[in-house]
Amino acid sequence: MSFLPSPLARAGIKVLQLVPLRNSANQMSYFNPKTYATEDALRVGRLHCLRDGWEDGMLSFMQSGGFRPKEKVPQIDAPSLVLWVREDGILEGKEFANKFIDAMPNASLQWIEECGHVRHLEQPELTARYILEFLQMESVRPLRSRANKVLNGGIFDGLFS
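Residues numbered from 1 in each chain as written. Predicted model: local features only at pLDDT ≥ 70, side-chain atom pairs only at ≥ 80, totals over all residues. Heavy atoms only, no water.

What is the right way to read the packing of aromatic side chains from this model?
What characterises a pair of aromatic rings is the spacing of the ring centres plus the angle enclosed by the ring planes. Throughout the structure, instances matching the rule amount to two aromatic pairs. Ring geometry for Tyr30 and Tyr36: centres 5.7 Å apart, planes at 20°, overall stacked. Looking at Tyr36, the relative accessible area reads 26%, which means it is partly exposed. Against the face of Trp111 rests Arg86, its NZ or CZ located 4.0 Å from the ring centre. Positioned over the ring face of Phe96 is Lys99, at 5.6 Å from the centre of the ring. (Phe/Tyr/Trp six-rings, centres within 6.5 Å; stacked < 30°, edge-to-face > 60°. Buried < 20%, exposed > 50% of the residue type's maximum accessible area, 1.4 Å probe, protein only. Lys NZ or Arg CZ within 6 Å of the ring centre and 35° of its normal.)

I would appreciate a short explanation of the pairing of strand S1 (residues 80–85) in the present structure.
Note on strand geometry: in a regular strand, side chains alternate between the two faces of the sheet. Within S1, five of the six residues are buried, which leaves the element mostly enclosed by the surrounding structure. As paired strands, S1 and strand S2 (residues 107–112) are joined by six bridges and run parallel to one another. Bridge assignment links Val85 to a residue of S2, and that residue is Ile112. Each parallel crossover has a hand, and for S1 linked through helix H7 (residues 93–103) to S2 it is right-handed. (Helix = DSSP H or I, 4+ residues; strand = E, 2+ residues; numbered from the N terminus. Pairing = 2+ DSSP bridges. Right-handed = clockwise from strand over helix to strand, strands pointing away.)

I'm lost on unusual backbone geometry in this one. Help?
Generally, phi is negative for residues other than glycine and the peptide bonds are trans, each holding for most cases. Backbone geometry at Glu114 places phi at a positive 50°, although glycine is not the residue there. Looking at the secondary structure, you find Glu114 in the loop between S2 and helix H8 (119–122). A relative accessible area of 51% places Glu114 in the exposed class.

Please explain the pattern of salt bridges as it appears in this structure.
Pairing of side chains with opposite charge becomes possible as their charged atoms draw close. Under the definition given, this model contains seven salt bridges. A salt bridge links Glu133 to Arg129, with the shortest nitrogen-to-oxygen separation between them at 3.1 Å. Note that Glu133 and Arg129 are positioned in helix H9 (residues 124–135) at a spacing of four residues, about one turn of the helix. The partly exposed category is assigned to Glu133, whose relative accessible area is 39%. Its relative accessible area of 44% is what places Arg129 among the partly exposed residues. (Salt bridge = Lys/Arg side-chain N within 4 Å of Asp/Glu carboxyl O.)

So what exactly am I meant to see when it comes to the environment of Arg22 here?
By secondary structure assignment, the location of Arg22 is in helix H2 (residues 19–28). A C-alpha to C-alpha distance of 9.0 Å links Arg22 and Arg43, two positions 21 residues apart in sequence. Here Arg22 is in contact with Leu16, Gln17, Leu42, Gly45, Arg46, His48 and Cys49, once residues within four sequence places are set aside. (Contact = heavy atoms within 4.5 Å.)

Looking at this structure, I do not really get the side chain of Arg46. What am I missing?
Mapped onto the fold, Arg46 is located in helix H4 (residues 39–50). What Arg46 contacts, discounting residues up to four positions off in sequence, is Gln17, Val19 and Arg22.

How should the packing of helix H1 (residues 6–17) against H2 be read in this particular structure?
Across the interface, H1 lies against H2 with an axial gap of 5 Å and an inter-helix angle of 60°. Judged by the angle between their axes, H1 and H2 are oblique. On H2, the residues that touch Val15, Leu16 and Gln17 of H1 are Val19, Leu21 and Arg22. (Axes fitted to C-alpha atoms, helices over the stretch in contact; angles between N-to-C directions. Parallel < 35°, antiparallel > 145°, perpendicular 65-115°, else oblique.)

Even after reading the chapter, I still don't get helix H5 (residues 54–63), so can you show me in this structure?
Each full turn of the α-helix corresponds to 3.6 residues, which orients residues three or four apart in the same direction. All of the buried residues along H5 are Trp54, Met58, Leu59 and Met62. Mapping the buried residues of H5 onto a view down its axis gives an arc of 135°, with all of them on the same face. In the stretch just after H5, Gly65 is the one whose phi turns positive, near 105°. (Arc of directions from axis to C-beta.)

Sorry, what's going on with the environment of Asp40 here?
Tracing the backbone shows Asp40 in helix H4. For Asp40, a relative accessible area of 49% corresponds to the partly exposed category. Within the local environment of Asp40, its side chain forms a polar contact with the side chain of Arg43, the two groups lying 2.4 Å apart. (Polar contact = N/O pair within 3.5 Å; in protein donor to acceptor, adjacent residues only side chain to side chain.)

Listed below in structure tokens is the structure:
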């Protein structure tokens with residue numbers, strides 16, 4: 001996308017704001033669209049597109065080459081949880097989840113069944129449970145205790161009191 005002339009890129013950005021496109025994405029985002037792909041969800045899903053500066057930000061993002069996790073993800077060596085859903089209509093699970101797992105040596109993959117792209121809305125209890133279980137793993141604890149030392153070790157002392 002970085003090769004597109006600015007006027008053409010801006011035209012594409014305008015298309016991203018259109019209600020029919022956002023509605024299509026809204027329908028694709030959920031395993032149970034009847035329950036979750038509501039008018040309110042559509043409005044919330046468009047909010048970022050309607051903010052001042054969004055078009056300029058998108059143009060800058062496109063001209064930079066966009067999101068390239070392939071370059072950054074392999075640098076993550078901390079224990080990581082890849083929490084993916086089987087019925088994701090936005091990002092196909094088998095392809096993308098495995099790319100993350102293959103690139104990150106200390107990652108584990110947890111699937112959520114009967115759930116679309118927005119796991120925290122469709123399966124909030126299960127999502128929270130998997131995250132909690134991951135954070136309680138022995139391999140994650142040393143990192144958590146180091147983070148607590150940093151947070152409690154002075155750099156934030158007095159900040160909120």
